[in-house]
Amino acid sequence: MPSDDASALPSESVSPPTAPPAAGYRALLRNREFAGLYAGFTLTVAASTLSGFALGTLVDDRTGSPFLTAVSMYGATFATVLGALTLMSVADGKRPRRTLVTLQCVSLAGVAAQAVPGLPLAARFGLLLVLGFFQSLGTGARMGLLAEVVPASAYALARSLMNITSGGTAVLGFALGALLLRYLNPHEVFVVAAVLTGLGLVAVATTAREHSTRPAGPGRPGTRSDARPGPRPGPRPGPLPGLRRTWATNTELFSHPGRRALLLNLWVPNGLIVGCEALFISYDPEHAGVLLAASSAGMLLGDLTVGRLLTADRRRRCAFALRLLLAVPYLLFAARPPTMVAAVAVFVAGAGFAATLPLQEQLPALTPDPVRGQVQGVESAGRMTWQGICAALAGGLALYLGPGPTITVLAALSATVTVLSRPFVARAG
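From a predicted model like this one, the values you see are computed outputs, not experimental measurements.

Regarding the overall build of the protein chain
Here is step 1 of the chain: When helices and strands are counted, the protein chain shows 17 helices and zero strands.
Here is step 2 of the chain: By the burial criterion, 59% of the 429 residues in the protein chain qualify as buried.
Here is step 3 of the chain: Accessible surface computed for the protein chain: about 16900 Å², of which carbon and sulfur atoms make up 69%.

Given below as structure tokens:
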């Protein structure tokens, strides 16, 4: 962990220490709208985990290919970049609740279609791309609503709770998926995933109210300047519809060196480690569920500790060490460790995913309120896209190097990117 002495290493933030928010998770959950978004998110993650594990198992059984298996588990993430580049401005539309409900209906239809027996693999991969595109837009709409329904002081806590839930739900999802596949075939597991997706849709539709996530500006009706005071350089919305407005905002988003550095570290180191995880089924088919659950459990513990127990300043100071922790334990796979040793290493590395939280906190600080939904949607879409790219890269390399050596190479690349990009992240503050 970096020293608290400012002279030791460049700090990852110049912000003064801040106190932890007074409200806790229980206070957040008493907010009916947040509880609905949270429930919908939790059920969606559970459905995605089950369907991804079922599809990966189905493809591995049919093809035996590490590449196709890895792509099947994370293929939906390839299409998220299309959402970020084309229609992500819908996240800041005047009816984000309607947008989110509509997109969840599309997700339900896609997951249900995967349950059709005998569906060709080409059609299944096509469904993955369609779902990834619409899920990226749904993430932007959800995050835009989240910023509206919770106060600014509780935003980091709300993201922390969602990250924790994502990890915990993935632990249960992988464990449940492995258990269900002992008694059900993959198509029946897809039916379970579709039911969970439908419940998530109901949770959002019955609790969330309509909000405009595009305030009119300081001093005008609808402004949330009281929630996020102070100047904030960045993209400014204009009267541009759909594709044009999305491109205009994205162009300004990437023109800021601080945002570029944050996005690089939110996307690449994480994506490379997800590439490692995409090889677990090929590396150890019998214990892949154990390794995936261990990673998710580590993420759960890391997000709980970093999000709830540390101040914002401390989180930023720990971010570099956490990004290294994310990669270094995977270097043990070079020695083909026993399953339990590998599971412990994966669990420890999973805690490093908590580095995402302080970087996510910094990004809105460099972004104006009127486009916060789109910017957060781009961040999420880019992170997921890199996960898909790295999963495909991992599967391709594993064809030549084998799963164990490939995991080691990707972990070394992740650590290298973290070290080389640190000075740029330090200046992002």
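What about helix H6 (residues 121-149)?
Here is step 1 of the chain: Taking 1.5 Å as the rise per residue, H6 with 29 residues should run 42 Å; its terminal C-alpha atoms sit 41 Å apart, in good agreement.
Here is step 2 of the chain: Of all 29 residues in H6, 21 are buried, a share of seventy percent or more.

Let's talk about the nonpolar core
Here is step 1 of the chain: Core analysis: the biggest nonpolar cluster contains 43 residues, and Ile-273, Phe-280, Tyr-330, Phe-333 and Ile-407 have the highest contact counts within it.
Here is step 2 of the chain: For this core, the element with the highest residue contribution is helix H10 (residues 257-277), accounting for ten residues.
Here is step 3 of the chain: With sequence-adjacent residues up to four places away left out, Tyr-330 is seen in contact with Ile-273, Cys-276, Glu-277, Phe-280, Ser-295, Val-346, Ala-349, Ile-407, Thr-408 and Ala-411.
Here is step 4 of the chain: Counting 26 residues, the second largest nonpolar core, distinct from the first, contains Ala-141, Ala-147, Leu-157 and Ala-208.

Things to note about the environment of Leu-397
Here is step 1 of the chain: Tracing the chain through its elements places Leu-397 in helix H16 (residues 372-401).
Here is step 2 of the chain: Note on Leu-397: relative accessible area 27%, which makes it partly exposed.
Here is step 3 of the chain: Leu-397 sits ten residues away from Ile-407 along the chain, and the two C-alpha atoms are 9.4 Å apart.
Here is step 4 of the chain: Those residues in contact with Leu-397, other than ones at most four positions away along the chain, are Gly-402, Thr-406 and Leu-410.

Here we look at the side chain of Thr-69
Here is step 1 of the chain: Looking at the secondary structure, you find Thr-69 in helix H3 (residues 66-74).
Here is step 2 of the chain: A polar contact is formed between the side chain of Thr-69 and the side chain of Asp-60, at a distance of 3.5 Å.
Here is step 3 of the chain: The contacts of Thr-69, once residues within four sequence positions are left out, are Gly-56, Val-59, Asp-60 and Ile-281.

Regarding the state of the cysteines
Here is step 1 of the chain: Overall, the coordinates contain zero disulfides when judged by the stated rule.
Here is step 2 of the chain: Note on Cys-276: no disulfide assigned, nearest cysteine sulfur contributed by Cys-390 at a separation of 8.9 Å.

Some thoughts on the confidence of the model for the protein chain
Here is step 1 of the chain: Residues of the protein chain with pLDDT of at least 70 account for 75%, and the chain-wide mean is 77.
Here is step 2 of the chain: The secondary structure element of the protein chain with the lowest average pLDDT is helix H4 (residues 80-86), at 64, and the one with the highest is helix H14 (residues 339-350), at 94.
Here is step 3 of the chain: Overall, residues 1-22 carries pLDDT values under 50, and its contacts beyond four positions in sequence, including any with other chains, amount to 36 contacts.
Here is step 4 of the chain: Taken together, the stretch residues 213-241 has pLDDT below 50 and engages in 61 contacts with residues farther than four places along the chain or on a different chain.

Rules used throughout
- Residues numbered from 1 in each chain as written.
- Predicted model: local features only at pLDDT ≥ 70, side-chain atom pairs only at ≥ 80, totals over all residues.
- Heavy atoms only, no water.
- Helix = DSSP H or I, 4+ residues; strand = E, 2+ residues; numbered from the N terminus.
- Buried < 20%, exposed > 50% of the residue type's maximum accessible area, 1.4 Å probe, protein only.
- Areas by Shrake-Rupley, 256 points an atom, 1.4 Å probe, with all protein chains shown as cover.
- Expected span 1.5 Å × (residues − 1).
- Core = buried A, V, L, I, M, F, W, Y, C linked by side-chain atoms within 4.5 Å.
- Contact = heavy atoms within 4.5 Å.
- Polar contact = N/O pair within 3.5 Å; in protein donor to acceptor, adjacent residues only side chain to side chain.
- Disulfide = S-S within 2.5 Å.
- pLDDT = per-residue confidence, 0-100.

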